Amino acid sequence: MIKILFVCHGNICRSTMAQSLLTHMVKEKGLSSKFHIDSAATSREEIGNPPHYGTVQKLRQVGIPLIPHRARQMTKQDYQEFDYLIGMDDANVRNMERIAGGDPEHKIYKLLEFAGSGKAIADPWYTGNFEVTYGDVLEGCEAFLKFLKL
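These numbers come from a predicted model, not from an experiment.

For the rest of this paragraph, the subject is the state of the cysteines. Counting across every chain of the model gives zero disulfides. Lacking any disulfide linkage, Cys8 is separated from the closest cysteine sulfur, that of Cys13, by 6.6 Å. The class of Cys8 is buried, set by a relative accessible area of 3%.

The contact between helix H1 (residues 14-28) and helix H6 (residues 130-147) brings their axes to 10 Å, and the two run at 45°. Our classification of the angle between H1 and H6 gives oblique. The handedness of the crossing between H1 and H6 is right-handed. Counting all contacts with H1, which are made through Arg14, Met17, Ala18, Leu21, Leu22, Met25 and Val26, the residues of H6 involved are Phe130, Thr133, Tyr134, Val137, Leu138, Cys141, Glu142, Phe144 and Leu145.

Moving on to helix H4 (residues 90-100). Residues Asn92, Val93, Met96, Ile99 and Ala100 constitute the buried set of H4. End-on view of H4: buried residues confined to an arc of 125°, all on one side of the axis. The outward face of H4, more than 90 degrees from its buried face, is lined by the exposed residues Arg94 and Arg98. Those residues of H4 that are buried are in contact with strand S1 (2-8), H1, helix H3 (76-81), strand S3 (84-87) and strand S4 (108-110). The N-terminus of H4 is capped by Asp89, whose side-chain oxygen sits 3.1 Å from the backbone nitrogen of Ala91.

Another aspect to go through is the pairing of strand S2 (residues 35-41). With six of seven residues buried, S2 is to be regarded as a mostly interior element. Crossover connection from S1 via H1 to parallel S2: handedness right-handed.

Under the counting rule described, the total for this entry stands at eight salt bridges. A salt bridge links Arg72 to Asp78; the nearest nitrogen and oxygen atoms lie 2.9 Å apart. A relative accessible area of 5% means that Asp78 is categorised as buried. Where salt bridges share partners, they join Arg14, Asp89 and Asp123 into one cluster.

Attention shifts here to the pairing of S3. With burial as the criterion, each face of S3 is covered, one bearing Tyr84 and Ile86 and the other bearing Leu85 and Gly87. In terms of strand pairing, S3 meets S4 through three bridges, oriented parallel. If you follow Leu85 over to S4, its bridge partner there is Ile108. Following the backbone out of S3, through H4 and into the adjacent parallel S4, one traces a crossover that is right-handed.

Calculation criteria
Residues numbered from 1 in each chain as written. Predicted model: local features only at pLDDT ≥ 70, side-chain atom pairs only at ≥ 80, totals over all residues. Heavy atoms only, no water. Disulfide = S-S within 2.5 Å. Buried < 20%, exposed > 50% of the residue type's maximum accessible area, 1.4 Å probe, protein only. Axes fitted to C-alpha atoms, helices over the stretch in contact; angles between N-to-C directions. Helix = DSSP H or I, 4+ residues; strand = E, 2+ residues; numbered from the N terminus. Parallel < 35°, antiparallel > 145°, perpendicular 65-115°, else oblique. Left-handed = near helix turned anticlockwise from the far one by under 90°. Contact = heavy atoms within 4.5 Å. Arc of directions from axis to C-beta. Polar contact = N/O pair within 3.5 Å; in protein donor to acceptor, adjacent residues only side chain to side chain. Right-handed = clockwise from strand over helix to strand, strands pointing away. Salt bridge = Lys/Arg side-chain N within 4 Å of Asp/Glu carboxyl O. Pairing = 2+ DSSP bridges.

Structure, rendered in structure tokens:
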């Protein structure tokens, strides 16, 4: 089983969008049983909150089922349990490495690295533009599945 943890600052916008999207993509390929996909935050600001209404609306608009989720903070144990810990921007990656105590097993990535880009996934909490965020998350998830050769 491939275990993936998507991580952003609050775990209500980008990481939950990526979790729902990748879960849908692997289900469409008949590969759900081969994956465990979750998401988490680097901060404690939104702990316990559901996905942002903008994420919910965007996923509904494109026909992607929302994974029921409440924001939680990434833990050091997550580093041991997951194969891929995928952040949305450089600040997420730095904070993920701080929480994990480093990245000795090279499990921490930025999502668009898989698409050959150093670009961050724009945070719609600040931009309000869930369309751009969805496009970036889709590009990253498609590239991640190609990376896995699926």
